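Coordinates in review
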Amino acid sequence: MAQADGYDTIRLDTGPLHHEARALYCAADFTERGPYIWVLPELAAGLVFMERRL
């Protein structure tokens, strides 16, 4: 459905200590990447950014 609406990428962020969530996202073919939006450096250090191409 997202592709039909013109989207080609899904992005998300989670915390570095959310191991179960990160494992789930990796199992769904998400990969880690840098921030996809501007975030204060102090906040970015406490986040893991991920994306998956559709």
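First, a word on scope: everything that follows refers to the structure included in this document. Keep in mind it's a predicted model, so treat the numbers as computed, not measured.

Throughout the structure, instances matching the rule amount to 4 salt bridges. Put simply, Asp8 and Arg53 hold a salt bridge, and the shortest N to O gap is 3.6 Å. Taken together, the residues span a long stretch of sequence, with Asp8 in the segment before strand S1 (9-14) and Arg53 in strand S3 (residues 48-53) at a distance of 45 residues. The shortest N-O distance in the salt bridge between Arg33 and Glu51 comes to 2.8 Å. Of this pair, Arg33 sits in strand S2 (residues 31-33) while Glu51 sits in strand S3, placing them 18 residues apart in sequence. Judged by its relative accessible area of 28%, Arg33 falls in the partly exposed class. Glu51 sits in the buried class, given a relative accessible area of 19%. Each of Arg11, Arg33 and Glu51 takes part in one network of salt bridges that share partners.

Now for the side chain of Thr14. Here Thr14 shows up in strand S1. On the accessibility criterion, Thr14 (9% relative accessible area) is buried. Only 3.2 Å separates the side chain of Thr14 from the side chain of His18, close enough to count as a polar contact. If we skip the residues at most four places from it in the chain, Thr14 touches Ala21, Arg22, Tyr25, Gly46, Leu47 and Val48.

Adjacent strands of a sheet pair through backbone hydrogen bonds, lying either parallel or antiparallel. One open sheet accounts for 3 strands, arranged S1-S3-S2; its pairing is antiparallel. Two strands close off the open sheet at either side, each with one partner strand: S1 and S2. The sheet shows a mean angle of 35° between the axes of neighbouring strands, direction not considered. Inspection of the sheet shows S2 paired to S3 by 3 bridges, in the antiparallel sense.

Rules of the game
Residues numbered from 1 in each chain as written. Predicted model: local features only at pLDDT ≥ 70, side-chain atom pairs only at ≥ 80, totals over all residues. Heavy atoms only, no water. Salt bridge = Lys/Arg side-chain N within 4 Å of Asp/Glu carboxyl O. Helix = DSSP H or I, 4+ residues; strand = E, 2+ residues; numbered from the N terminus. Buried < 20%, exposed > 50% of the residue type's maximum accessible area, 1.4 Å probe, protein only. Polar contact = N/O pair within 3.5 Å; in protein donor to acceptor, adjacent residues only side chain to side chain. Contact = heavy atoms within 4.5 Å. Pairing = 2+ DSSP bridges. Axes fitted to C-alpha atoms, helices over the stretch in contact; angles between N-to-C directions.

None of this, on its own, says anything about what the molecule does.
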